Each structure stands twice: as structure tokens, then as C-alpha cells.
Amino acid sequence: MEIIRHGRNVHEIHLVGRTVQIAMLSDLHWDNPHCDRDMLKKHLDYCLENNIPVMLNGDTFCLMQGRGDRRANKSDIRPEHNNARYLDSVVETAVDWFTPYASIITVIGYGNHETGIIKWQETDVIQRFVDLLNYKTGSSIQAGGYGGWFIIKQSASEGATGMITTRIKYFHGSGGGGIVTKGAINMTRALESYENMDVFTMGHIHENSARNDVRETLENNSRTGYNMKHKNIHLMLTGTYKEEYGEGASGWHVERGAPPKPLGGRILEIHYVRSADSISKIVDSRKFPI
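Model, not experiment: these values are computed from the prediction.

Another aspect to go through is the sheet that holds strand 4 (residues 54–57). Pairing is mixed in the open sheet, where 6 strands are placed in the order 6-5-4-3-12-13. Both edges of this open sheet fall to strand 6 (142–143) and strand 13 (279–287), since each of them pairs with a single strand only. The sheet strands contacting helix 1 (residues 37–49) are strand 3 (19–25), strand 4, strand 12 (266–274) and strand 13, and the helix crosses strand 3 at an angle near 155°.

So, about the layout of surface pockets. A volume near 780 Å³ is recorded for the largest pocket. Taken together, 31 residues form the lining of the largest pocket, with Met64, Lys242, Glu244, Trp252 and His253 sitting closest to its centre. Of the residues contributing to the lining of the largest pocket, the split by class is 5 nonpolar, 16 polar and 10 charged. The volume enclosed by the second largest pocket comes to roughly 540 Å³. Forming the walls of the second largest pocket are 18 residues, and the residues nearest its centre are His230, Lys231, Asn232, Ser280 and Lys281. Of all elements in the fold, only strand 10 (209–221), strand 11 (225–237) and strand 13 reach the threshold of two or more residues within the lining of the second largest pocket.

Here the focus is the pairing of strand 2 (residues 10–16). Where strand 1 (residues 3–7) meets strand 2, 4 bridges bridge the pair, whose relative direction is antiparallel. Looking at the pairing, Ile3 lines up with Ile13 of strand 2. Counted between consecutive antiparallel strands, the loop separating strand 1 from strand 2 contains 2 residues. Relative to strand 7 (residues 147–155), strand 2 is paired through 7 bridges, and the arrangement is parallel. Bridged to His14 within strand 7 is Lys153.

Thresholds, definitions, all that
- Residues numbered from 1 in each chain as written.
- Predicted model: local features only at pLDDT ≥ 70, side-chain atom pairs only at ≥ 80, totals over all residues.
- Heavy atoms only, no water.
- Pairing = 2+ DSSP bridges.
- Helix = DSSP H or I, 4+ residues; strand = E, 2+ residues; numbered from the N terminus.
- Contact = heavy atoms within 4.5 Å.
- Axes fitted to C-alpha atoms, helices over the stretch in contact; angles between N-to-C directions.
- 1 Å grid on protein atoms, 1.4 Å probe; cavity = no way out; pocket = protein on both sides within 12 Å on 5 of 7 lines; lining within 4 Å.
- Points joined across faces, edges and corners; volume = space filled by probe spheres on them.
- Nonpolar A, V, L, I, M, F, W, Y, C, P; charged D, E, K, R; others polar.

Next comes the structure, spelled out in C-alpha cells:
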């Protein structure tokens with residue numbers, strides 16, 4: 001699978017099929033003891049078995065146990081990372097763990113946990129992870145941005161001339177997520193901030209949901225002139241793989257009044273639709289079926 005890099009945070013892949021899928025995951029917090037690695041492995045195995053590309057939209061790592069980090073907690077470090085080479089050991093063990101999935105991972109974006117390490121520890125864990133994983137496996141995974149664009153070019157079959165384009169705007173996220181609105185405001189803000197997107201995806205607030213909005217647009221057809229059309233925009237929030245509520249007895253998550261959060265990412269589906277005189281698409285997403 002070729003990943004075309006148009007810029008630091010603009011990437012493109014080509015997929016073939018009347019219906020194509022791409023898994024959008026975020027907030028794995030893979031190195032945190034509360035990461036549900038069993039669920040994560042099931043989801044990545046599902047993608048591998050079904051040849052579904054994967055995009056990671058920030059906070060792949062937690063990275064809070066380094067020297068001088070005021071968030072550090074001795075209970076929140078895995079034994080294999082409890083050493084004098086903390087950040088190195090996270091990267092090296094992650095490369096080993098993700099090696100079976102290197103062929104389906106496309107772009108890995110940054111979250112606030114990774115950018116925090118750049119700011120305070122002066123090292124880019126995402127770029128180090130991508131470089132070492134590519135070196136070990138021969139893959140061509142790309143490092144993205146905290147936000148960016150992921151473009152899907154889709155043809156119905158090999159060699160087909162008709163092709164549709166789906167523009168995905170990704171943003172790791174900001175804010176704490178409203179306990180009542182559960183990210184709905186974040187999605188509405190995205191509609192005011194970005195143009196020409198077919199899909200918006202965000203993580204960070206550890207919610208898992210989707211909705212479809214419609215905008216009136218005007219298109220110019222060479223045969224029929226100007227026509228009013230409806231543009232569908234799919235907006236989704238991807239959940240976390242870190243289960244930090246537990247029994248609700250104690251801890252930072254509980255003490256700040258946060259509820260249990262939905263675990264898992266989402267699978268984006270793009271359906272190629274061809275009529276007598278046009279090509280269009282239907283876009284939707286769903287939670288993992290396992």
C-alpha cells in the first residue's frame with residue numbers, strides 16, 4: 001500500500017473496491033498499564049485479517065513517567081519501562097509489539113502526550129517510533145501532524161477510470177469534553193473551521209460517536225450549468241483504549257468527576273455509487289464488531 005506524502009500533514013492513499021474501509025483509532029495510550037491491549041490486539045487483528053488500513057490520530061503513547069514529569073505515578077508504569085532508558089524502552093517495545101501490523105498502518109498523528117514530550121524532553125517519540133518501525137519492517141508509515149488531511153482516492157476496480165475522492169480532516173482534539181454534550185460542540189466547531197472536507201475525525205476527549213451533517217452547495221456542470229446540491233459531511237469521535245475509571249473508587253479520572261468512557265476506535269466505510277451520468281459516494285462509520 002503506497003502512502004503519498006503531499007506535505008508534512010497531508011497524505012493520500014489509493015484503495016480499490018465498491019466499498020472500502022479504513023480504521024480510525026486514537027488515544028491508545030499503549031504504554032499505560034490501563035491500556036486494554038487485549039481489545040487493541042483484537043481490533044488490529046480484525047484489520048489485518050480484513051485488509052483494512054489503519055490511521056492513528058494522536059496519543060498513541062502516554063509517556064507520563066519520565067524524570068521531572070509532575071504527572072508521574074509509580075503505579076502507572078509497566079515493568080518493562082521502569083528503567084533508566086524510559087523513553088527509549090517505550091519506543092523499542094512498541095516497535096516489537098506493532099511489528100505484525102506495520103503493513104496496515106498508514107499515518108500516525110500527534111496527540112498532546114507526544115507534543116508534551118517534545119516540549120519538555122526535547123525528543124520526538126512519534127518520529128522515532130515511525131523511523132524504527134519502518135527500518136525494522138520495510139514499511140512506509142508516515143508521521144502526520146496534530147491535525148492534518150488524509151485523502152482517500154477510490155476506484156471501483158483495478159484499472160477503472162472513474163475515481164472518487166474522500167477528504168478526511170483529522171485533528172487530535174482540544175478541551176476536556178463536555179460531560180453532557182459529549183463532544184457534539186467540538187464537531188460543530190469543526191464545521192465552522194474547515195472547508196471542503198467529507199469527513200472530520202477527532203479523539204482526545206475519549207468519546208465514541210458519529211453524526212451526519214448536510215450543507216447546501218452550488219456546483220457548475222458543463223452540460224447543465226449551475227445546480228444546487230446537498231453535501232454530506234460525516235463527523236466522528238474516536239474513543240480511547242485506556243480504561244481509567246475502573247470501579248470508580250479513586251484516581252485522577254474519578255476525582256475530576258469524569259464518567260466511564262467508551263473504549264475502541266471506529267471503522268470508516270466509503271461506498272462507491274455510480275449512476276447513469278454521475279459518480280458519488282456514501283460515507284458512514286461504525287464501531288468495531290468485536
